[in-house]
Amino acid sequence: MALPLPFRLPKPNYLPHNVDVDEPEVVKVYKPLDRPSPFEDAIFEDKAKRLAQELGITAPKGYDVSFHYNVQMEKHHFGQTHPMKPWRLVLTKGLVTSYGMHHAMKNYTTRAATYDELVSFHSQDYVNFLGSVAPQPTPLDVDNPNPDLRFNLGGSDCPLFEGLYDYCSQSGGASLDAARKLCAKQSDIAVAWGGGLHHAKRSEASGFCYINDIVIAILQLLRVHKRVLYIDIDVHHGDGVEEAFFSSDRVMTVSFHKYDPHTFFPGTGALEDNGPKSEHNPGAHHAINVPLNDGITDEQYQWLFERVISQCVQKFQPEAIALQCGADSLAGDRLGKFNLLVQGHSSCVDFCKKLGIPMILFGGGGYTPRNVARAWAYETAVAIGQEEKMASTVYIPDHAPYRQRFEYDGHLLPSIEQILGEPRQNRNPQKKLLEIVQHVTEQLRFVAAAPSVQSSVIPPDLGPIRDEVEQRIKEEIEEQDENARKAREEAVGVPMEF
Ligand SMILES: [Zn+2]
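It should be emphasised that the depicted structure is a prediction, and the values quoted were computed from it without experimental measurement. (Residues numbered from 1 in each chain as written. Predicted model: local features only at pLDDT ≥ 70, side-chain atom pairs only at ≥ 80, totals over all residues.)

So what about the UniProt feature "active site" (unreviewed entry) in the protein? Which residues, and what values?
The residues that UniProt annotates with the feature "active site" (unreviewed entry) are H199. Positionally, H199 belongs in the loop between strand 3 (189–192) and helix 6 (213–221). The class for H199 is buried, based on 27 C-beta atoms found within 10 Å. Once residues lying within four places of it in the same chain are set aside, the contact partners of H199 are S206, G207, C209, D239, G240 and P266. (UniProt positions renumbered as here; feature names shortened; annotations may be inferred. Helix = DSSP H or I, 4+ residues; strand = E, 2+ residues; numbered from the N terminus. Buried ≥ 20, exposed ≤ 12 C-beta atoms within 10 Å, placed from the backbone. Contact = placed C-beta atoms within 7 Å.)

Describe the pairing of strand 1 (residues 65–69), listing the residues and the values that go with them.
Here strand 1 lies mainly inside the structure; 5 of its 5 residues are buried. The side-chain alternation of strand 1 yields two buried faces, one formed by V65, F67 and Y69 and the other by S66 and H68. The sheet contact formed by strand 1 and strand 3 spans 3 bridges and is parallel. Directly across from F67, in strand 3, lies its bridge partner V191. (Pairing = 2+ DSSP bridges.)

I'd like a description of unusual backbone geometry, backed by residues and values.
The amide bond that connects F265 to the next residue, P266, takes the cis arrangement and shows omega of -5°. Summarising the element assignment, P266 is placed in the loop between strand 5 (251–258) and strand 6 (287–292). Of note, the phi angle at F208 is positive, near 70°, even though the residue is not glycine. Inspection of the secondary structure puts F208 in the loop between strand 3 and helix 6. Even without a glycine there, the phi angle at Q317 is positive, about 50°. Its 14 C-beta neighbours within 10 Å are what place Q317 among the partly exposed residues.

Explain helix 4 (residues 124–132) residue by residue, including any values.
Of the positions making up helix 4, those classed as buried are Y126, V127 and L130. Viewed end-on, helix 4 has its buried residues packed into an arc of 95°, placing them on one side of the element. In helix 4, the exposed positions angled more than 90 degrees off the buried face are occupied by Q124 and S132. Along its buried surface, helix 4 packs onto helix 3 (115–118) and helix 5 (164–183). (Arc of directions from axis to C-beta.)

Account for the pairing of strand 8 (residues 359–362), naming residues and giving values.
In summary, the side chains of a regular strand alternate between the two faces of the sheet. On strand 8, burial covers both faces: M359 and L361 on one face and I360 and F362 on the other are all buried. In this sheet, strand 8 lies alongside strand 3 in parallel orientation, the contact comprising 4 bridges. By the bridge assignment for strand 8, V191 is matched with L361. Read as a crossover between parallel neighbours, the route from strand 7 (residues 320–324) over helix 9 (residues 342–354) to strand 8 is right-handed. (Right-handed = clockwise from strand over helix to strand, strands pointing away.)

Outline the confidence of the model for the protein, supporting the account with residue identities and numerical values.
Averaged over all residues, the pLDDT of the protein equals 87, while 82% of them reach at least 70. For the stretch residues 14–21, pLDDT sits under 50, and the model shows 9 contacts to residues farther than four places along the chain or on other chains. Contacts of residues 462–466 to residues separated by more than four positions or lying in other chains number 10 contacts, the stretch itself having pLDDT below 50. (pLDDT = per-residue confidence, 0-100.)

Break down helix 5 for me, with residues and values.
Under the 1.5 Å per step criterion, the end-to-end length of helix 5 is 29 Å for 20 residues, consistent within 8% with the ideal 28 Å. The first or second residue beyond helix 5 is K185, which carries a positive phi of 55°. (Expected span 1.5 Å × (residues − 1).)

An account of the packing of helix 8 (residues 298–316) against helix 9 is needed here, citing residue identities and associated values.
The N-to-C vectors of helix 8 and helix 9 enclose an angle of 20°; their axes lie 9 Å apart at closest approach. As judged from the angle between their axes, helix 8 and helix 9 are roughly parallel. Seen along the crossing, helix 8 lies across helix 9 with a hand that is right-handed. Taken together, the residues of helix 9 that come into contact with helix 8 (itself represented by D298, Y301, Q302, F305, E306 and I309) are Q343, G344, S347, C348 and F351. Taken together, the residues that form the contact of helix 8 with helix 9 break down as 5 nonpolar, 4 polar and 2 charged. (Axes fitted to C-alpha atoms, helices over the stretch in contact; angles between N-to-C directions. Parallel < 35°, antiparallel > 145°, perpendicular 65-115°, else oblique. Left-handed = near helix turned anticlockwise from the far one by under 90°. Nonpolar A, V, L, I, M, F, W, Y, C, P; charged D, E, K, R; others polar.)

Tell me about the sheet that holds strand 2 (residues 106–109), and name the residues and values.
Sheet architecture is open: 8 strands sit in the order 2-1-3-8-7-4-5-6, paired in parallel fashion. Looking at strand neighbours, the two that pair on one side only are strand 2 and strand 6, the edges of this open sheet. Taken over all neighbouring pairs, the strand axes of this sheet differ in orientation by 15° on average, direction set aside. Packed on one face of the sheet, helix 5 meets strand 1, strand 2, strand 3, strand 7 and strand 8 and runs near 175° to strand 3.

As structure tokens, this is what we get:
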């Protein structure tokens, strides 16, 4: 019999351990990806530019879109059988740049978040532990207890892989940079596909998430924006963000997710869970949950999303939106079981964009890399208003990196039959969806219209936002890593500016 552990046993989010055949050999182990030569880079860039010209892909008029990316995130590896593959970021970036879309956005190579920035939300104890714990080659389980491990770390969901602290602070840094550009009005839609890690708690790792970059970014947004609407279309409940702002009326959280308290992670997010039960708590009625079952279709999801979000926006009047675009809600995901196509998933981004409210697009879950890349590249196109031009190619361009990995005969937007053969059985009767809309309408009646904010409750920015501090950090990073310049150009040779 196993000894009782001094901490809660990790609750697994996935069942190990089928080796994923979907990723190339080079990322099955912890080593950098192959680096194309400058000559290959130049050829790629030329083809991407030509395709952009041919399709007429241009920067959006009247608003700015920014792309926040840290190439160092790509090289991390959770373990061979773990569903979370940072390699999906390589595929996404490759597809975005194949269409020359990087020329239509402001591109920022982001730095890692500092310790002070991480503890703007997380406890110092937790961040200290995360920064000092040694990598563990074998995930902890009931047969392999280790009393020295804490904070839900080291299990099969949240393994202690090589470079973990760097990976977390890079993800946090990219999302924070996106928030700062929104606050400074240098961007209207800021894209941070490396973020969106919505399960992480103040002092606990959870569901493949260690640092909650979304909460850190929203805290930044709240310095300038009175109210922030958080929307989550990941297949899992956005529990970490909901919990972080549970008692606040300045952040409304809305999560659409599969809900099954007994069999599906994290088991929270019932329709009736709408924040604190006490009416005296300002956060009461500010958590909206939309529980769904397997097999929901594009039409249903879009119908529901528009009805729920339009009411929330009307009542809450957010000054900024944080949209988590977890791609595990797509059909064919390794963990999710919905019938959503990229078209339905991205319609949520399009709907929010048309509201004309400053917005951050975060990544999140997504465990079939080819589908994640399709979704996030297409949603980047939605952000810049060029999705129809992108879709007109029908096929993924021949020069896209790792093109053979996209499968489905190279279709950009494969059909549900191509992805699944047979669609999953739809367990979402329309009557249930109507009930959800009714419940949300009732909850929102309790929300005071556009709650006012005293300026004194906006805390000063603890993070080093002064230009010279940013500059010093940047120089330090470059000194430490003389390959930084090369690394920025690796993989598909994206030209990035600072
Ligand atoms: Zn998820």
